[in-house]
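# A closer look at the structure
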Amino acid sequence: MIEAKNGVFNLATPNTSYIFKVGECGVLEHLYYGKRLDAFDAELMSNVQNVKICDATAYDKDHSLLFLDNLMTEFSTEGRGDYRLTSMKASYDNGHSVLDFVYETYSITHGIPSMEGLPSVYGDEFSTLEVVLKERLLPLRLRLYYLVSDEKDAIVRFSRVENEGSEDVYIQALASLQLDVPNPDWNLVTLDGAWARERMVCDRPLRPGIHINDSKTGASGAFHNPAIALKAPNATEFQGDVIGLNLIYSGNHQESVELSPYGRGRVLTGINPNTFTWRLKAKSSFTAPQAVMVYSDKGLNGMSHEMHRFVNENVCRGPWRDKERPVLVNNWEATYFDFNEEKLLDLADTAKDVGIELFVLDDGWFGERENDTTSLGDWTANGRKLPNGLAGLSSKLHEKGLMFGIWIEPEMVSEKSRLFERHPDWRIAIPNRKPGVGRNQYILDWTREDVTDYMIACISTLLEESKANYVKWDMNRFFSDFNTQGSDKYFMGEFLHRYVLGFYKVLEALTAKFPDILFEGCASGGNRFDLGVLCYMNQIWTSDDTDVLMRQFIQWGTSFFYPQSVMGCHVSASPNHQSLRISSIEDRFNVAAFGILGYEMDLTRLPSNELDVIKEQIRFYKKNRRLFQFGTFTRDISYFNGGNNLKWLVADEEHLVMLDACMLNVPNMPNDRLVIPLLDAGFNARGTERLLVSSRAQRIDRSRLGDNASKFKEDQRGLGLKTSVYAGQLESAGIVLGQRFTGSGDIRLTRIRPDFSTEMYIVDRMMI
Ligand code: DGJ
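So, a few notes on the structure that sits alongside this text.

Calculation rules
- Residues numbered from 1 in each chain as written.
- Predicted model: local features only at pLDDT ≥ 70, side-chain atom pairs only at ≥ 80, totals over all residues.
- Heavy atoms only, no water.
- Phe/Tyr/Trp six-rings, centres within 6.5 Å; stacked < 30°, edge-to-face > 60°.
- Buried < 20%, exposed > 50% of the residue type's maximum accessible area, 1.4 Å probe, protein only.
- Lys NZ or Arg CZ within 6 Å of the ring centre and 35° of its normal.
- Pairing = 2+ DSSP bridges.
- Helix = DSSP H or I, 4+ residues; strand = E, 2+ residues; numbered from the N terminus.
- Axes fitted to C-alpha atoms, helices over the stretch in contact; angles between N-to-C directions.
- 1 Å grid on protein atoms, 1.4 Å probe; cavity = no way out; pocket = protein on both sides within 12 Å on 5 of 7 lines; lining within 4 Å.
- Points joined across faces, edges and corners; volume = space filled by probe spheres on them.
- Nonpolar A, V, L, I, M, F, W, Y, C, P; charged D, E, K, R; others polar.
- Polar contact = N/O pair within 3.5 Å; in protein donor to acceptor, adjacent residues only side chain to side chain.
- Contact = heavy atoms within 4.5 Å.
- Disulfide = S-S within 2.5 Å.

## Description of the packing of aromatic side chains
Tallied over the full model, the rule gives 37 aromatic pairs. Judged by centre distance (6.4 Å) and plane angle (45°), the ring pair of Phe 560 and Phe 561 falls under tilted. Each member of the pair Phe 560 and Phe 561 is classed as buried. Aromatic rings pair up to connect Phe 9, Tyr 18, Phe 20, Tyr 33, Tyr 103, Tyr 106, Tyr 146 and Tyr 295 into one cluster. Positioned over the ring face of Tyr 59 is Arg 80, at 4.6 Å from the centre of the ring.

Laid out in structure tokens, this is it:
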């Protein structure tokens, strides 16, 4: 509900209120964001000073108590007394850069305004508040948008600036969202990392000064994901105030969090101003990407649950949105570049036998590609490896009852390629300068219409001819040397944003043309894991790192803002290719099952008993697939607070599955207790209701038993728990489990929990 009364705007969602007002001099004063207020007095929330600040700048001599620097506002500019980072910076050719936007009018409409080439959230439930501000002197108008619904707590925001004058204006920053908060003692949570260790949770108290969370590599990046959270000092996974923010953008972003000398927090999120200047021509407008914010008083999980629902229902789209995603096999870590049709078909046969539904052909199938030095851009089959072409392979896979998926990296070009020979000027480079190189490859200039049009046509032909059911869209390098060759039409400051618009243009065209294809985003693992990508592709490859322990950290951090329905998670070989860590096939499955399951290993080389295990895993996953992919995902305890155990839950009204992982085995410890936070995880049960609890039957990895192996029968399985229990008991007293392996007594009665091991528990309602 959006309410506008006497200059006060109240945006009410089911559980939250966002309130601001037209204040003195037309300044938009931010009043409150938090738990829903069904009634309030706006005047009691105003932050305007009642005594002077000695040395601060007052708005003007008639408003001597209006200090912009110590006011919470909805929008800010430099040069009028606000000394914090501000939401907009712009200048004219004559150097004039002081801006002062004041309230003009507003409108409330049902629906969502068009985003002019940028991705947009969607949903009939949204209404939009548009607040118009006018520069006091200059011919500039600003529009602030707030998308609000009665069904979701997520509020979407963005801004648009219009140049109504006859001179160009250079926009150096335009935040999508400014959020001023009154809490100096809150924490900032970010997801930081790099290749193979994406989205590690970093949680620290706010300190005076500015913290920048950004990307300058051209894509949203793995260094710092665009999603951040602010959290009250006492907030936990299950309780306390948390605000989550995320930007719907795949390029360079910046989230600045500033704690001012007066103890106010200011968050700005948007396109990274460090790599951006936009020449706003006369009579034209510029729109900043959308950003989403969620407040919850139910801790980090409360915020995540809302974000997950929003991503699933208002960001992801198309026929695949609510469909259960296929279990896939990917040949990358099985073969790397070394494969031929026969080898692929062998892998496909084994995959089919164990219940896999989709075969994904990864890098190396095109041009002359035998390694990563050639052929990007030549999107036709390598005749030596695939003598029957892609169509031949695809039809054989289809005959076997498998779907066919194809890897592409359409934004790139290799120097050794026919495309580069024909169009050397399509590569991003600066004339007379040798361009920087990443993974032996270069980026195509997708700011150019002719290049994006070519690629839409080229990939369309590929998808039509190969009858692909799935596309893995990769992107394996950072940007450098940006320049639009042969043209001075754009300023360099526009280049990276124009590239991102080109990326969205191609995605828009291809996903519209091939609505039934399931697209999975990828960028050297999870280097472009963002909501912009998810507006076009329903899932993203989470990380190249599939190590059993690292994946717990990576999926944990990712789950703060992204649901498991968008996370590609594969079971790969042991020792793991990224970490050399040895782990059991069951443990690797237990972690990968909390996402979109795939297998990425040479299944043809596995012994038959291991294939039986995989068959059983896939059967179990398919039975619980809706829960694993679309159930409510909840984090319980974790390694992050210094613990040795981690618990994840997925639940719906009827079922719940819990992962219990342990990092290091410590012998001779007290018995574990199985305690499951049913209600917090979304499984509603009366305390006196009896539930059925069982453990997933797992094969013991005999190779990890050493000299004790002979004491176990070949087919002996793990815990074998199956009991009924009162819901209330399960939530608090729990079930005391058998002792872990300790090296003494009858070890056949113990739970085998070596380092990095996992168990899975299932809770069902009892059939009456
Ligand atoms: C990087 C991806 O993350 C991998 O999964 C794989 O597709 C390689 N690229 C192929 O080059």
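Still to come is the rest of the account.
## Section: the sheet that holds strand β1 (residues 2–5)
With antiparallel pairing, the four strands of this open sheet are ordered in space as β1-β2-β3-β4. For this open sheet the edge positions go to β1 and β4 (28–35), each flanked by a neighbour on one side alone. Neighbour-to-neighbour, the strand axes of the sheet open up by a mean angle of 15°, direction not taken into account.

## Re empty space enclosed by the protein
With the rule as written, the count across this model stands at seven cavities of 30 Å³ or more. Put simply, the largest cavity is a space of about 160 Å³. Along the walls of the largest cavity sit 13 residues, with Val 27, Phe 75, Ser 76, Thr 77 and Phe 101 positioned nearest its centre. Tallied by class, residues from the lining of the largest cavity come to seven nonpolar, three polar and three charged.

## Examining the side chain of Ser 159
Here Ser 159 is to be found in strand β9 (residues 155–163). For Ser 159, a relative accessible area of 1% corresponds to the buried category. In this structure the side chain of Ser 159 is engaged in a polar contact, spanning 2.7 Å, whose partner is the backbone oxygen of Ala 175. If near-sequence neighbours (up to four positions away) are discounted, Ser 159 is found in contact with Arg 143, Leu 144, Leu 174, Ala 175, Ser 176, Phe 286, Thr 287 and Ala 288.

## A short note on the state of the cysteines
Taken as a whole, this structure holds zero disulfides when the rule is applied. Left without a disulfide partner, Cys 569 is nearest to the cysteine sulfur of Cys 522, which lies 13 Å away.

## Observations concerning the pairing of strand β32 (residues 645–651)
A large share of β32 lies buried, amounting to six of its seven residues. The pairing of strand β31 (residues 632–635) with β32 spans four bridges and is classified as antiparallel. When the sheet's bridge partners are listed, Thr 634 is paired in β32 with Leu 649. In this sheet, strand β33 (residues 655–662) lies alongside β32 in antiparallel orientation, the contact comprising seven bridges.

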